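Structural overview for review
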Amino acid sequence: MEKLQLWLLILASLSGAVTQSDLYGQVFVFPKESADAHVILNMNKNGPLQTFTVCLRYFTDLTRSYSLFSYATRARDNEILLFKEKPGELSLYVGGELVTFKVPEGTDTSTGWVHVCASWESTTGIAELWVNGSPLPRKGLKKGYSVSDQGVIILGQEQDSFGGGFDAKQSFVGEIADVYMWDRASPTAAKQAANDDSQLPTSIVGWSSLQYQIKGYVVLKPTLA
């Protein structure tokens, strides 16, 4: 398993520059609709995921569908996918199956930024979605499933095949920041740690030590809000 992840890192290094940085106070800007602009993230995990939590902030004026977080393997394109179907709806895919959450009006922030956390656990199949610190009714899917660790994480595009198959009409246009992924922490624990200014649980993807590779027209800039 470690050899596979090392091979993926070497492959990424050969095809472009892999950077590791503390991105506090910075954002990825996706300036225009595109079928190739994206960011590849490295995940520090060996072994299948029995639970996960993904959190990020985003800022956009899109009204069409777009991908926020896409994790694909060679066996399954939507191993994990956080997808904005349309205004008022967010979908979470696990192992190719999806649940859709209705997001009530009035959950936006004054700055226009949206903070979203999605989690899932194998033992119960329960999925949670939190938007700007408020939970939505829980749903269930893929009880007993194990998420493969042999995949690739992409921001800005939705993968219809391993590392590709992009569609410009599903691309993200806007800004993304503060991307984290845990293999144990729940959204409640992450939110509590942030509120108490205490130490967040160890992440397998972390904005403070992010390993990433920019492809196409994506710009790293200081945050405006």
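Within each chain, residues carry numbers counting from 1 in the order of the written sequence. Thresholds applied to this predicted model are a pLDDT of at least 70 for local features of residues and 80 or more for the giving and counting of side-chain atom pairs; totals over whole chains, interfaces and linings are not thresholded and use all residues. Think of the side-chain values as coming from all heavy atoms in the structure, minus any hydrogens and water.

**A few points about the overall build of the chain**
Secondary structure counts use DSSP, requiring at least four H or I residues in a row for a helix and at least two E residues in a row for a strand, with both numbered from the N terminus. If you tally the helices and strands in the chain, you get two helices and 16 strands. Burial statistics for the chain: of 225 residues in total, 48% are counted as buried. Considering only contacts in the chain between residues 6 or more positions apart, those separated by 24 or more positions represent 71%. Split by element, the accessible area of the chain, about 10,600 Å² in all, is 51% carbon and sulfur. Whether a residue is buried, partly exposed or exposed follows from its accessible area with a 1.4 Å probe, protein chains only, as a fraction of its type maximum: under 20%, in between, or over 50%, in that order. Two residues form a contact once any of their heavy atoms are found within 4.5 Å. Per-residue and other accessible areas follow the Shrake-Rupley method at a 1.4 Å probe size, with only the shown protein chains counted as cover for residues.

**With respect to the pairing of strand β7 (residues 89-94)**
Among the six residues that make up β7, six are buried, leaving the element largely enclosed by the rest of the structure. In β7, alternate side chains face the same way, and those of Glu89, Ser91 and Tyr93 on one face and Leu90, Leu92 and Val94 on the other are all buried. Taken together, the five bridges between strand β6 (residues 80-86) and β7 define a ladder with antiparallel strand orientation. When the sheet's bridge partners are listed, Lys86 is paired in β7 with Glu89. Paired strands are those between which DSSP finds at least two bridges. Connecting β6 to the next strand, β7, in antiparallel fashion are two residues, including Gly88 with a positive phi near 90°. Summarising the sheet, β7 and strand β8 (residues 97-102) pair through six bridges and their orientation is antiparallel. For Ser91, the partnering residue across the bridge sits in β8 and is Thr100.

**Focus: the side chain of Ser65**
Within the secondary structure layout, Ser65 lies in the loop between β4 (51-59) and β5 (66-73). Classification of Ser65 by relative accessible area gives buried; the value is 19%. Residues contacting Ser65, with those up to four places away along its chain left out, are Phe83, Lys84, Glu85, Lys169 and Gln170.

**Some details on the pattern of salt bridges**
Here a salt bridge means any side-chain nitrogen of Lys or Arg lying within 4 Å of a carboxyl oxygen belonging to Asp or Glu. For the structure on display, the rule yields seven salt bridges. The partner of Lys169 in a salt bridge is Glu33, and the shortest N-O contact between them spans 3.0 Å. Of this pair, Lys169 sits in the loop between β13 (151-155) and β14 (174-182) while Glu33 sits in the loop between β2 (26-30) and β3 (38-41), and the two are 136 residues apart along the sequence. Residue Glu33 is classed as partly exposed on the basis of its relative accessible area, which comes to 33%. Residue Asp178 pairs with Arg57 through a salt bridge whose shortest N-O separation is 2.7 Å. Here Asp178, found in strand β14, pairs with Arg57, found in strand β4; they are 121 residues apart in sequence, far enough to count as distant. Residue classification places Asp178 among the partly exposed residues on the basis of a relative accessible area of 23%.

**A short note on the packing of aromatic side chains**
Aromatic pairing here means that ring centres of Phe, Tyr or Trp (its six-membered ring) are within 6.5 Å. Orientation follows from the plane angle: under 30 degrees is stacked, over 60 is edge-to-face, and everything else is tilted. Following the criterion strictly, the structure yields nine aromatic pairs and no others. An angle of 90° between the planes, with centres 5.7 Å apart, marks the rings of Phe30 and Phe172 as edge-to-face. Of this pair, Phe30 sits in strand β2 while Phe172 sits in the loop between β13 and β14, and the two are 142 residues apart along the sequence. Taking the relative accessible area as the measure of exposure, Phe172 reaches 1% and is therefore buried.

**A word on the sheet that holds strand β15 (residues 210-215)**
The eight strands lie next to each other as β1-β15-β3-β13-β5-β6-β7-β8, forming an open sheet whose pairing is antiparallel. Whereas interior strands pair on both sides, the edge strands pair on one side only; in this sheet they are β1 (19-21) and β8. Between one strand axis and the next, the sheet turns through 30° on average, direction left out of account. Between N-to-C directions, angles span 0 to 180 degrees; the directions come from axes that are lines fitted to C-alpha atoms, helices contributing only their stretch in contact.

Remember, this is a structural readout, not a statement about activity or role.
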